[in-house]
Structure formats: structure tokens, C-alpha cells
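An overview of the molecular structure
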Amino acid sequence: MPRPRRGDDVLQAALGRFYREGITATGVDALTADAGIAKMTLYNNFGSKDDLVVAYLAERDRRFFAQLDAELAQRRDALDRALAPVDLYERYLHEEGFRGCAFVNAAAELPAEHPGRETISAHKARLRDRWAALIADLDVADASQTARACLCLLEGAYVLGGLAVDDDGLTAARALIVQRLTGDG
């Protein structure tokens, strides 16, 4: 079996360190040590730490939507499919080492002009649009507006869960989202 590209090793190191310790707190030396490579290998593969941050966020985005697609593939009922993003966030909330939303955490660290901010915004917009398409299958009057409202509920509860302010906030958000999607309440 061929050895993975060294850039893959760096990205794996970044996936762990950036989430656990933060982007700005993680130096290139720690990443190269974790990956077992020289600094020049990191720069040859990514150009800069900023480029690695963008690759990290793009990989988080890819993994999230792959998990969402896998979740959706197991569901047939339209309401159950529309609740898949909520259930996925709920699963993340209870994973060992949970530190909140990787995208929100990164947004809090990165300056407005950082290229990673565009990746973060695109991820959240993609989630909103994908959710609107799932909600449209419920024949909701304004699926786009409903998705926006549901995303606000979900993201708020998820952020509070990440801060350990409200461990049960996603349960409450889910109930409100179900009410919104079914017109009960």
C-alpha cells in the first residue's frame, strides 16, 4: 500500500491540534512534530499556515457534508430527513473532546480578512441552503426563511453547548424546530 502524501500527515495533525488547542495557539513547530515532517515539507504542501488553515476548514466542511449525506441515506421520512442536521449536531455535542463548532471557533480566532473566513461563511451558507432543500420536501410555505430560523436555533444551542452553558439546549432547540417544521405551535 502506498504511503499517504506528507501533506495528508500535516492536515491530520492540523485537524487534531487546531480543534483541540485553537488555530492561533498551534504553532508550525507543533504541527510538523505531530506529522513527523520538516517545516519545509509543510510549506511545500501548503505554502503557509494560512493556507493550511483554509485546507483544515475545507476538510472539516467535506467531512461534515459526507456525514450528513450518510445520515440522509438512512432516512426516508421527510421530517426525519429535515431533522438530520439537528441529530448530527447532537451526536457531535456528546463526542469525547467536544469543544464546540470548529467553524465558529475558527471564526472567533481569524481576522476578517483571513481567507479562512470565506470557507467558514461558505460552510454555514451551504448548510442553510441544504437544510432549506430538505425543509422544502415538507411543503413548508417558505422553506428558505424556515431554514434560516432553524439554523439560528440550532447554531445558538450548539454554541451554548460548546461553552457548557446549556447541555440540554439542543433538545430544546430540536423541539422548537419540530414545531416550526410541522406547524404545531
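Thresholds, definitions, all that
- Residues numbered from 1 in each chain as written.
- Predicted model: local features only at pLDDT ≥ 70, side-chain atom pairs only at ≥ 80, totals over all residues.
- Heavy atoms only, no water.
- Helix = DSSP H or I, 4+ residues; strand = E, 2+ residues; numbered from the N terminus.
- Contact = heavy atoms within 4.5 Å.
- Salt bridge = Lys/Arg side-chain N within 4 Å of Asp/Glu carboxyl O.
- Buried < 20%, exposed > 50% of the residue type's maximum accessible area, 1.4 Å probe, protein only.
- Phe/Tyr/Trp six-rings, centres within 6.5 Å; stacked < 30°, edge-to-face > 60°.
- Lys NZ or Arg CZ within 6 Å of the ring centre and 35° of its normal.

Mapped onto the fold, Thr32 is located in helix H2 (residues 28-35). Among residues more than four places away in sequence, those in contact with Thr32 are Ile37, Ala38, Lys39 and Leu42.

Tallied over the full model, the rule gives 15 salt bridges. In this structure, the salt-bridge partner of Asp34 is Arg17, at a minimum N-O distance of 2.5 Å. Taken together, the residues Asp34 in helix H2 and Arg17 in helix H1 (residues 6-21) connect sequence positions 17 residues apart. Between Arg128 and Asp129 there is a salt bridge whose closest N-O contact spans 3.1 Å. Residue classification places Arg128 among the partly exposed positions, given a relative accessible area of 29%. Assessed through its relative accessible area of 44%, Asp129 is described here as partly exposed. Salt bridges linked by common partners bring Glu71, Arg75, Asp80, Asp87, Arg91 and Arg174 together as one network.

Quick look at the packing of aromatic side chains now. Enumeration over the complete set of coordinates arrives at six aromatic pairs. Plain terms: the ring middles of Phe18 and Tyr56 are 5.2 Å apart, the flat faces sit at 80° to each other, and that makes the pair edge-to-face. One end of the pair, Phe18, is in helix H1; the other, Tyr56, is in helix H4 (residues 49-73), and 38 residues separate them in sequence. For the pair Phe18 and Tyr56, one class covers both residues: buried. Centre to centre, the rings of Phe64 and Phe65 are 5.0 Å apart; their planes meet at 90°, and the pair counts as edge-to-face. Phe65 matches Phe64 in its accessibility class, with the two residues each being buried. Three or more aromatic residues link up through ring pairs in this structure, and these residues are Phe64, Phe65, Tyr89, Tyr92, Phe98 and Tyr158. Across from the ring centre of Tyr19, 4.8 Å away, lies the NZ or CZ of Arg60, which sits over that ring. Looking at Arg126, its charged tip hangs above the ring of Phe65, at a distance of 3.8 Å from the centre.

Such coordinate-based values are descriptive only and should not be taken to indicate function.
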